[in-house]
Amino acid sequence: YGWGSVGYESTGKGWEGDFVVLGIETSCDDTAAAVVRSDGTILGESKRSQDQLHAEWGGVVPGLAKTAHEAAIGEVVSEALRNAGCSADDLDAVGVTMGPGLEICLRVGFHAARDLALAHAKPFVSVHHLEAHVLAAKQFSPSLHFPFLVLLVSGGHCQLLLARGVGDYLMLGGTLDDSLGEAYDKAARMLGLDVGGGGGPALEKLAQGGDPLAVKFGVPMKQRKDCHFSFAGLKTAVRLAIQKAGGDLKSPLPDPQAAADIAASFQHVATRHLEDRLKRAILQVQADEDLPTVDTLVVCGGVASNMAIRERLSKLAEEFDITPLYPPVRLCTDNGVMVAWSAIERLRLGVSDDPSGLEVRARWPLGLSYAATDTPINTRHTKLPSTTDKTADKA
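## Quick notes on the sheet that holds strand E6 (residues 148-153)
Thinking step 1. A sheet is described by the order of its strands in space; here six strands give the open sequence E10-E9-E6-E7-E8-E11, paired in mixed fashion. Looking at the sheet topology across the chains shown, the edges are occupied by strand E10 (323-325) and strand E11 (368-369).
Thinking step 2. Looking at chain direction, strand E7 (residues 158-165) and strand E8 (residues 168-174) are connected through six bridges and run antiparallel. What sits directly across from Gln-159, in E8, is Gly-174.
Thinking step 3. On the sheet, helix H9 (residues 307-319) packs against E6, strand E9 (296-300) and E10 and is oriented at approximately 150° with respect to E10.

Quick look at the structure:
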């Protein structure tokens, strides 16, 4: 299975009518499962977050995350089924995130989904984590049709995409270093904020009381004529501003207003960077006669829950007569609902997989690079070394 200009290869007749799918997600630090019906109804879900577990380490620790997934996965799946009022036998298919993500974490969800599908003779569907974020908007906006523009902003990714169909994406730009979500988390930690509920929400809340023009951060890559992103320099500028204000990069600043001003200024400039790159992407698509016309922008990923960013991106999109769409705030971060829905989209194309020959994929491009469309990148699944339970325990 793979992603590229040809989309998916159908393995049978596309599914029609009502059917029910279980989706499982363990790509990073959230253990999640959900049961979703093909009309978009969420029948039941469950989720365990590891924010508190990793808060003291300054980031996600893969080994700790894997252990936490293993401890939670059985209960999370059972709870999702129980909340949906059904059993595994009542399911029509099982979908699971196969990549990209932390390899040893992905395996936990894959093994759980594979074992359940085989034990109950259910079709198995491999799900691309980034595509699941993209397609989440279609679940809640049935009128959304391809093609559309995508800005995916999360803790691990920052990409501008042209979505031409399920499994068919053109990457217009990506980050050259850090993701925006990573920059938010790092800035929150350097400001000494409580990141037990996530660094992004903590910094967004602090920024509400600050002056966005108080600290003169430079907008990244202003002179660069492409759609790529960079947040490493802005992250360094925030560190220097905190130290200048008397901060030790671990504890809260002595002056709360100074902290709020730094947070607000960071958010203002980071959003300006998004606006600049998004505007370039819109103009690029409009200028290329080989690309389809788009009238919708989907903003997805964990950072899409930030209301200040939503407001400014919506305003920019509307200036170009483009309709902005966002998944519900609570479903912007990783969840089982988006995985189940992505599996539903694939099943409608008649696409499913044999789990016995599959392996997770930590790195996995979504589609083709716009700059390389003359020599398309092969993004088909590359099988990794076989993973047995014994090998997984050593990872």
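There's plenty left to go through after this.
## Details of the pairing of E8
Consecutive residues of a regular strand have side chains that alternate between opposite faces of the sheet.
Thinking step 1. Among the seven residues of E8, six are classified as buried, and the element is accordingly described as predominantly covered.
Thinking step 2. Hairpin connection from E7 to E8: two residues lie between these consecutive antiparallel strands, with Gly-167 at a positive phi of about 80°.
Thinking step 3. In this sheet, E11 lies alongside E8 in parallel orientation, the contact comprising two bridges. Across the sheet, residue Met-171 finds its bridge partner in E11, namely Ser-369.

## Quick look at the pattern of salt bridges
Thinking step 1. Following the criterion strictly, the structure yields 16 salt bridges and no others.
Thinking step 2. When the shortest N-O distance is used, the salt bridge between Asp-39 and Arg-37 registers 3.2 Å.
Thinking step 3. Looking at Arg-37, the relative accessible area reads 27%, which means it is partly exposed.
Thinking step 4. The closest approach of N and O atoms between Glu-75 and Arg-48, which form a salt bridge, is 3.1 Å. Linking Glu-75 in helix H2 (residues 62-84) with Arg-48 in strand E3 (residues 42-49), this pair joins segments that are 27 residues apart in sequence.
Thinking step 5. The class for Glu-75 is partly exposed, based on a relative accessible area of 47%.
Thinking step 6. Under the relative-accessibility criterion, Arg-48 is labelled partly exposed at 26%.
Thinking step 7. Residues participating in the shared-partner salt-bridge network are Arg-48, Glu-75 and Glu-79.

Rules used in this analysis
- Residues numbered from 1 in each chain as written.
- Predicted model: local features only at pLDDT ≥ 70, side-chain atom pairs only at ≥ 80, totals over all residues.
- Heavy atoms only, no water.
- Pairing = 2+ DSSP bridges.
- Helix = DSSP H or I, 4+ residues; strand = E, 2+ residues; numbered from the N terminus.
- Contact = heavy atoms within 4.5 Å.
- Axes fitted to C-alpha atoms, helices over the stretch in contact; angles between N-to-C directions.
- Buried < 20%, exposed > 50% of the residue type's maximum accessible area, 1.4 Å probe, protein only.
- Salt bridge = Lys/Arg side-chain N within 4 Å of Asp/Glu carboxyl O.

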